[in-house]
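Spelled out, the chains give:
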Amino acid sequence: MALTPEDVVTKQFQHVRFKEGFDPDEVDDFLDEIVVEWRKTIAENEELKAKLAAYESGSAPAEAAPAPAPVAEEPVVEAAPEPVVAEAPAADAAPAAASAGIIELAQRLHDEHVAEGQAQKDKLISEAQAQAAAIVAEAEAKGRDELSRLESERATLESRISELRTFERDYRTQLRGFIEEKLRDLDVTGTSSGASAVSSAGL
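For clarity, every value in this text was computed on a predicted model and none was experimentally measured.

S.K.: Can you walk me through the overall build of the protein chain in this structure?
M.R.: Counting secondary structure elements, the protein chain contains 5 helices and 0 strands. Its helices and strands taken in sequence order, the protein chain reads α-α-α-α-α from the N to the C terminus. Looking at the protein chain residue by residue over its 203 residues, the buried ones come to 4%. In the protein chain, once contacts between residues fewer than 6 apart in sequence are set aside, the share between residues at least 24 apart is 38%. Summing over all exposed atoms, the protein chain offers an accessible surface of approximately 17,200 Å²; the carbon and sulfur share of this is 60%.

S.K.: Please explain the pattern of salt bridges as it appears in this structure.
M.R.: Side chains that carry opposite charge are capable of pairing whenever their charged atoms lie near each other. Scanning the model with the defined rule gives 7 salt bridges in all. Between arginine 149 and glutamate 146 there is a salt bridge, with its nearest N and O atoms 2.3 Å apart. Highlighted residues: arginine 149 and glutamate 146, both in helix H5 (residues 81–202), separated by 3 residues, approximately one helical turn. When its relative accessible area of 37% is taken as the criterion, arginine 149 is described as partly exposed. Among the residues examined, glutamate 146 registers a relative accessible area of 36% and is labelled partly exposed. A salt bridge links glutamate 151 to arginine 154; its shortest N-O distance comes to 2.9 Å. Separated by 3 residues within a single helix, glutamate 151 and arginine 154 lie in helix H5, roughly one turn from each other. Using a relative accessible area of 43% as the deciding quantity, one classes glutamate 151 as partly exposed. Taken together, the shared-partner salt bridges connect Glu146, Arg149 and Glu153 into one network.

S.K.: Just checking my understanding: could you explain helix H2 (residues 24–57) for this structure?
M.R.: Given 3.6 residues per helical turn, the α-helix brings residues three or four places apart onto the same face. With 34 residues, H2 extends 49 Å from end C-alpha to end C-alpha; this agrees with the ideal 50 Å at 1.5 Å per step. Among all positions in H2, only Phe30, Ile34, Glu37 and Ala54 are buried. Note on H2: the residue one or two positions beyond its end, glycine 58, has a positive phi of about 85 degrees.

S.K.: Just checking my understanding: could you explain the environment of isoleucine 102 for this structure?
M.R.: Here isoleucine 102 lies in helix H5. Along the sequence, isoleucine 102 and leucine 52 sit 50 residues apart, while their C-alpha atoms lie 9.4 Å from each other.

S.K.: It is not clear to me how the confidence of the model for the protein chain should be interpreted in this structure. Could you clarify?
M.R.: Low-pLDDT portions of the prediction should not be read for the details of their coordinates. Averaged over the protein chain, the pLDDT score is 76; the fraction of residues at 70 or greater is 68%. Here helix H4 (residues 69–73) stands out as the least confident element of the protein chain, with mean pLDDT 43; H2 is the most confident, with 86. For the stretch residues 60–91, pLDDT sits under 50, and the model shows 6 contacts to residues farther than four places along the chain or on other chains.

S.K.: I keep staring at a nonpolar patch on the surface and nothing clicks. Help me out?
M.R.: A grouping of Phe167, Tyr171, Leu175, Phe178, Ile179, Leu183 and Leu186 is seen on the molecular surface, where their side chains present a nonpolar patch of about 740 Å² in accessible area. Assignment of secondary structure puts phenylalanine 178 in helix H5.

S.K.: Could you clarify how one ought to interpret a negative patch on the surface in this entry?
M.R.: Taken together, the side chains of Asp25, Asp28, Asp29, Asp32 and Glu33 present a region of like negative charge at the surface. Residue position: aspartate 32 is located in helix H2. For aspartate 32, a relative accessible area of 47% gives the class partly exposed.

About the thresholds
- Residues numbered from 1 in each chain as written.
- Predicted model: local features only at pLDDT ≥ 70, side-chain atom pairs only at ≥ 80, totals over all residues.
- Heavy atoms only, no water.
- Helix = DSSP H or I, 4+ residues; strand = E, 2+ residues; numbered from the N terminus.
- Buried < 20%, exposed > 50% of the residue type's maximum accessible area, 1.4 Å probe, protein only.
- Contact = heavy atoms within 4.5 Å.
- Areas by Shrake-Rupley, 256 points an atom, 1.4 Å probe, with all protein chains shown as cover.
- Salt bridge = Lys/Arg side-chain N within 4 Å of Asp/Glu carboxyl O.
- Expected span 1.5 Å × (residues − 1).
- pLDDT = per-residue confidence, 0-100.
- Patch = residues over 30% accessible without salt bridge, like charges linked within 9 Å, V, L, I, M, F, W, Y side chains within 5 Å.
- Lys, Arg positive; Asp, Glu negative; His and termini not counted.
- Charge placed at Lys NZ, Arg CZ, Asp CG, Glu CD.

Right, here's the structure in full:
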């Protein structure tokens, strides 16, 4: 069975009837399959790492050299070494090509990750700058609205104060005129009363 991560994600266990939970035997069997597949994967990875290390260190051609040994046992002929020389580069070329392919793939993946990280960074910076600009604009708009409201209130209060001062001045003027008028009336009344009293006394 070729176990994949999707198999682990989508695996569903049968519920037992008389108690909660999954069937322990089924779960154990599935976990055993996971362990077997993972061990195979680990062994394959170790083998590939060993081969890659051997190719990079140059020991692979020395191990591949015994393959054409039977040709060397035949009678010495000028043309006999040529197949060995011709096959050696072919044997060396495959590991070198594999190593180059792995290195190229790793470099491409690295470049993709770097580019993706740079794009993500630029996106986050752009979003942060846009959000900061929106916050500043909103704060400035609120500040302008508040100043406008305060200016309107100040103008209203100043107008009300001016009205109250005018009312006070008019009231004082009217009150003074009223009092002066009453004083004049008193003076006139007092003078008239005095004249009447003198007339009565003369009679």
